[in-house]
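# Close look at the chain arrangement
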Amino acid sequence: MNRKWIRGLLGIVVVVSLAADRHAASADEPTPGYNHEIPQKILTPDVVETKLLGELKFDDGRHDEATNEKLYDFLTVIRGTEAFLNGIPATSIEGLRLGHVEMGLETSNQFMILDRLLDSNPLFLTGNTDTVYCSGFLDLKRDGPTVVEVPAKCGPGTVNDAYFRFVVDMGVPGPDRGNGGKYLILPPDYDGEWEGPIGGKATEIDGENYFVVQSTSWVNWVILRGFLVDGKPDASAEMFRNGLKVYPLSKKSNPPAMKFVSGSEMSFNTIHANTFEFYEELATVIQREPVSMLDPELRGIFAAIGIEKGKEFSPDEKEKRLLTEAVAIGNATARSIVFRPRLTGVKYYPGSAWMTAFIGGDYQWLKDGGQGGRNLDARTLFFYQATVNTPAMVLKMTGKGSQYAYAVVDKEGRYLDGSKTYKLHLPANVPVKDFWSVVIYDPQTRSELQTGQPFPSKNNKRDNLQTNPDGSVDLYFAPESPAGKESNWIQTVSGKGWYTLLRLYGPLDPWFEKTWRPGEIELVDDAD
């Protein structure tokens, strides 16, 4: 074939192709007001219909004044709701601190002791009726490095910072392993020779051995527990009174005397507000604690509603009204997360009502080891209803620490009704080294249900329970005891709901391996 003819043919093809491209380009009509077609997905219509905010109006992407005002109001509510859900750990610690102040406990050598156990009089998030609590607050800004001398035979103990993060364990799960020891808690601004990693480091100071740890905050909660001996709290109460000492390191040669105040059978509140006052509690924490306690992301959430270090929290009337709306939404949302959770991994067993408060098996609520970030809803689920953050509650520590399961519905998925009678079957050989207990709580206060029984619970060490021939135990929940079941009966209140926690102290392998599991809570006939 003639080469000249081929070159001519190729030229014709190129010309035709270019002409076709120009025709295709001209077929895409420019968007009005533009030189080219603009993808609709990046444009904002003049009228946007929303379910939450109704009609939003724009002129060439610019909103009118009514829409602008509506959106900024909505943003304040969103930020306020986020501040509530993310601020619960801080306000929960603050609520506990205020409860101690209400009891006249304001310095680190003043501790509350539940020497006759925690009954249902105080408002205290899902506290137990089974151990002797000994509780106090450190002020590292005032006192500097502070020593906590823990007595031998102390049960599980923990120090949490002002955002309810783990600092160090004490007692059985701590580095002293129940043998007692001295802990030195360093303030956040400490910059000296001692190292204080989270969890503690054994260090010799002036010829004495300490477990040294540095906190991120000035205020820290020390919560210790002592076990019952022969079903009684006396031995543990004396252990704390005679052996617990807390003092500034600078006063170790002449430490202040300890003061113990009994909180048993007393009415006081340790729970954060669910009203606008919540933000005032949060502002108190932010003003008191060092900026370094929280990361910029969290600080930014709080600052978005006017809670910022070094600045007065003083919202105007409109902002206060919007934040009052936000706290109501946040509180309602937290209740959905706790009582009707949709979180992956919340169920202990398929189709069961029993749930874990430590979703993901991580006391920091990190998802997939941190690859999935922090599970914020899982953190809310825990702190809205519980206190004490420690690996000892979540890690597999066979024969040590503690494990928990909670249930808010019966076998059929219905909320538990205080007017009705229910039964819980616990198979024989509950896998515990120490003891197990079942406590019921008020869904309003998330505290022990207040009934005619001072302790709304049963405990296999304290209570003389009826057992079935195979060693299993049936517990009953009702306003009045079913006939012949008094020893196994936990009283409820007609017209009120309730929910329950199963606790295992010193859990054994069958619990972790799920070869032993509790029964479901079943509605029964009163005559059963």
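Structural notes, computed from the coordinates. As the structure is a computational prediction, the values presented were derived from the model and not from experiment.

### What about the packing of aromatic side chains?
Per the counting criterion, the structure on display carries 27 aromatic pairs. The interplanar angle of 85° and the centroid separation of 5.9 Å between the aromatic rings of Phe164 and Trp221 together place this pair among those described as edge-to-face. Of this pair, Phe164 sits in the loop between strand E7 (157-160) and strand E8 (166-170) while Trp221 is found in strand E12 (residues 219-226), placing the two residues 57 residues apart along the sequence. Among the aromatic side chains, those forming a connected cluster through ring pairs are Phe137, Phe164, Trp221, Phe358, Trp365, Phe382 and Phe383. If you follow Arg446 out to its NZ or CZ, it ends over the ring of Tyr384, 3.9 Å from the centre. The ring of Phe455 has Arg462 lying over it, and the distance from NZ or CZ to the ring centre is 5.4 Å.

### Quick word on unusual backbone geometry
For Arg177, which is not glycine, the phi torsion reads 55° and is therefore positive. Position of Arg177 among the secondary structure elements: in the loop between E8 and strand E9 (181-186). Since its relative accessible area comes to 47%, Arg177 is described here as partly exposed. One non-glycine residue, Asp206, lies in positive phi territory at about 50°. Of note, Asp206 is situated in the loop between strand E10 (201-205) and strand E11 (208-214).

The rules behind each value
Residues numbered from 1 in each chain as written. Predicted model: local features only at pLDDT ≥ 70, side-chain atom pairs only at ≥ 80, totals over all residues. Heavy atoms only, no water. Phe/Tyr/Trp six-rings, centres within 6.5 Å; stacked < 30°, edge-to-face > 60°. Helix = DSSP H or I, 4+ residues; strand = E, 2+ residues; numbered from the N terminus. Lys NZ or Arg CZ within 6 Å of the ring centre and 35° of its normal. Buried < 20%, exposed > 50% of the residue type's maximum accessible area, 1.4 Å probe, protein only.

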